[in-house]
Amino acid sequence: MEFLFEYGLFLAKAVTFVVAIAAIIIVAAASSKNVKSGKGSLHIHDLSDTLEHYEDQLQHQLLSDDQLKARSKAAKAEAKTKAKQEKDKERDGRLFVIDFKAGIDAAEVSNLREEISALLTVAEAKDELLVRVESGGGMVHAYGLAASQLDRVRQAEIPMTIAVDKVAASGGYMMACVANKVIAAPFAIVGSIGVIAQLPNFNKVLKKNDIDFEMHTAGEFKRTITMFGENSDEARAKFKEELEQTHGLFKQFVSKYRPEMEISKVATGEHWFGQQALELGLIDAIQTSDDYLMQSDKQILQLQYKVKQNIAQRFGKGAESVIERGMIKLAELGQLGSR
């Protein structure tokens, strides 16, 4: 009990510190008039030119002067041939690339929706979209919206591939399963089709120190589990019921896009590495996004929507990132300690 009391005091101090920092950021953001909130712009990078530039740099270092002259002459002849061929046939289409790397709150979905909207104004059936997803999941409603943004591409019948180089778990896989094709690196983490909710309860600590906690609601299940009140068996049962309902919706969503997969076998909350995920039908091929891009003969264009942020916003984003990494580290330590 002494440990719990000390832990409660530590948590209270930590929360006070975070709230104080957040208040400073809010005041600074409100007082700043240099940048209008929500104003951003779309940046387009030609990755085809970038790859060709890398090749030219290496060739200049590896080849002799005579070899470079011969290569330049051959390149000019090849360019003329290609120019004649393009006059007689339509382009093969373009490969658009979007990166989605997000944390628990999936705040990056606001940029994703802009990138998808921009894509749909120009994309045709002969074009293709590659989305490089990196996420361990998070809030259900946030990742549900992110998955819905990708579904807009499916509805427009634009071929879409999701590449998982590191991790697409839980909400990340909710996004990945929407694609026509899912590829992953051999040791990428995939799956985690499950729902989790956990929180400490300090009711006993409060009672020991003669601290009353009051919570008033209208509606029997407006609040079920609480951190400071005394949780009843009925509240726990209702909370568990809601988790099961969410899990059911998650399974239905995945089955809609990957009907050939045995959902009962993979919707256990477990995660798998790429090779295992391939055997279970969670992905379609073992391949990195780099290999996929190198094999494409289309023009490769990367789309990136950026919102210019002022100092306060950048500081707040950095602080949020530090806190989130700290929470993930604590969770990992807790898992290691329980083994």
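Just above sits the structure.
Calculation rules
- Residues numbered from 1 in each chain as written.
- Predicted model: local features only at pLDDT ≥ 70, side-chain atom pairs only at ≥ 80, totals over all residues.
- Heavy atoms only, no water.
- Helix = DSSP H or I, 4+ residues; strand = E, 2+ residues; numbered from the N terminus.
- Buried < 20%, exposed > 50% of the residue type's maximum accessible area, 1.4 Å probe, protein only.
- Contact = heavy atoms within 4.5 Å.
- Pairing = 2+ DSSP bridges.
- Axes fitted to C-alpha atoms, helices over the stretch in contact; angles between N-to-C directions.
- Polar contact = N/O pair within 3.5 Å; in protein donor to acceptor, adjacent residues only side chain to side chain.
- Salt bridge = Lys/Arg side-chain N within 4 Å of Asp/Glu carboxyl O.
- Parallel < 35°, antiparallel > 145°, perpendicular 65-115°, else oblique.
- Nonpolar A, V, L, I, M, F, W, Y, C, P; charged D, E, K, R; others polar.
- Expected span 1.5 Å × (residues − 1).
- Arc of directions from axis to C-beta.

Undergrad: Give a detailed account of the overall build of the chain, specifying residues and quantitative values.
TA: In terms of helices and strands, the chain carries twelve helices and ten strands. The 339 residues of the chain split such that 31% are buried. Of all intrachain contacts in the chain linking residues separated by at least 6 positions in sequence, the fraction that spans at least 24 positions is 75%.

Undergrad: Give me the sheet that holds strand E1 (residues 40-46): which residues, what numbers.
TA: One open sheet holds the seven strands; their spatial order is E1-E10-E2-E3-E4-E6-E9, and the pairing between them is mixed. Edge strands, defined here as strands with exactly one partner in the open sheet, are E1 and strand E9 (285-286). Direction of pairing for strand E4 (residues 160-164) relative to strand E6 (residues 181-184): parallel, over a ladder of four bridges. For Thr161, the partnering residue across the bridge sits in E6 and is Lys181. Across the sheet, helix H4 (residues 109-122) lies against E1, strand E2 (94-101), strand E3 (128-134) and strand E10 (299-307), angled at about 170° from E2, the strand it touches most. With respect to the sheet, helix H5 (residues 140-155) is in contact with E2, E3 and E4, its orientation differing from that of E4 by roughly 140°.

Undergrad: Run through the sheet that holds strand E7 (residues 189-191), naming residues and quoting values.
TA: The pairing of strands in a sheet comes from backbone hydrogen bonds and takes either a parallel or an antiparallel form. Taken in spatial order, the three strands of this open sheet run E5-E7-E8, and their pairing is mixed. With partners counted over all chains shown, the strands left at the sheet margins are strand E5 (167-169) and strand E8 (271-273), one partner each. Between one strand axis and the next, the sheet turns through 30° on average, direction left out of account. Looking at chain direction, E7 and E8 are connected through three bridges and run antiparallel. Considered in E8, the bridge of Gly191 is made with His271.

Undergrad: Give a detailed account of the environment of Arg132, specifying residues and quantitative values.
TA: Along the chain, Arg132 turns up in strand E3. When the C-alpha positions of Arg132 and Val164 are compared, they lie 6.2 Å apart, and in sequence the two are 32 residues distant. Look past the residues within four positions of Arg132 in its chain and what remains in contact with it is Val97, Ile98, Asp99, Phe100, Ala163, Asp165, Ser289, Leu293 and Gln302. In this structure the side chain of Arg132 is engaged in a polar contact, spanning 2.5 Å, whose partner is the side chain of Asp99.

Undergrad: Give me the lowdown on the pattern of salt bridges, citing residues and values where you can.
TA: For the structure on display, the rule yields eleven salt bridges. A salt bridge links Glu134 to Lys101; the nearest nitrogen and oxygen atoms lie 3.9 Å apart. Here the residue Glu134 occupies a position in strand E3, and Lys101 occupies one in strand E2, the gap between them amounting to 33 residues. Accessibility expressed as a relative area gives 24% for Glu134, which makes it partly exposed. The partner of Arg236 in a salt bridge is Asp233, and the shortest N-O contact between them spans 3.1 Å. Of this pair, Arg236 and Asp233 both sit in helix H8 (residues 233-257), three residues apart, which is roughly one turn of that helix.

Undergrad: Help me get a handle on unusual backbone geometry, residues and values and all.
TA: Look at Ser170: it is not a glycine, yet its phi comes out positive at around 55°. Within the secondary structure layout, Ser170 lies in the loop between E5 and helix H6 (171-176). Its relative accessible area of 16% is what places Ser170 among the buried residues. Of note in this structure, Asp210 is not a glycine but carries a positive phi near 55°. Tracing the backbone through its elements, the reader meets Asp210 in the loop between helix H7 (203-208) and H8.

Undergrad: Just give me the short version of the packing of H4 against H5, but keep the residues and values in it.
TA: Orientation of H4 relative to H5, taken along the N-to-C sense of each, is 10°, at an axis distance of 10 Å. In terms of axis orientation, H4 runs roughly parallel to H5. Residues Val109, Leu112, Arg113, Ile116, Ser117, Leu119 and Leu120 of H4 form the contact with H5, whose participating residues are Ala142, Leu145, Ala146, Gln149, Leu150, Arg152 and Val153. The class makeup of the residues in the contact of H4 with H5 is ten nonpolar, two polar and two charged.

Undergrad: Which residues make up the environment of Tyr305, and what values do they have?
TA: You can see Tyr305 is positioned in strand E10. Along the chain, Tyr305 and Gly40 lie 265 residues apart, while their C-alpha atoms are 6.8 Å from each other. Of the polar contacts made by the side chain of Tyr305, one reaches the backbone nitrogen of Gly40; its length is 3.3 Å.

Undergrad: So what about H4? Which residues, and what values?
TA: Compared with an ideal rise of 1.5 Å per residue, which puts 14 residues at 20 Å, H4 spans 21 Å between its outermost C-alpha atoms and is within 8% of the ideal. What H4 keeps buried is the set Val109, Leu112, Glu115, Ile116 and Leu119. Buried residues along H4 cover an arc of 110° about the axis, so they all sit on one side. The secondary structure elements touched by the buried residues of H4 are E1, E2, E3, H5, H6 and E10.

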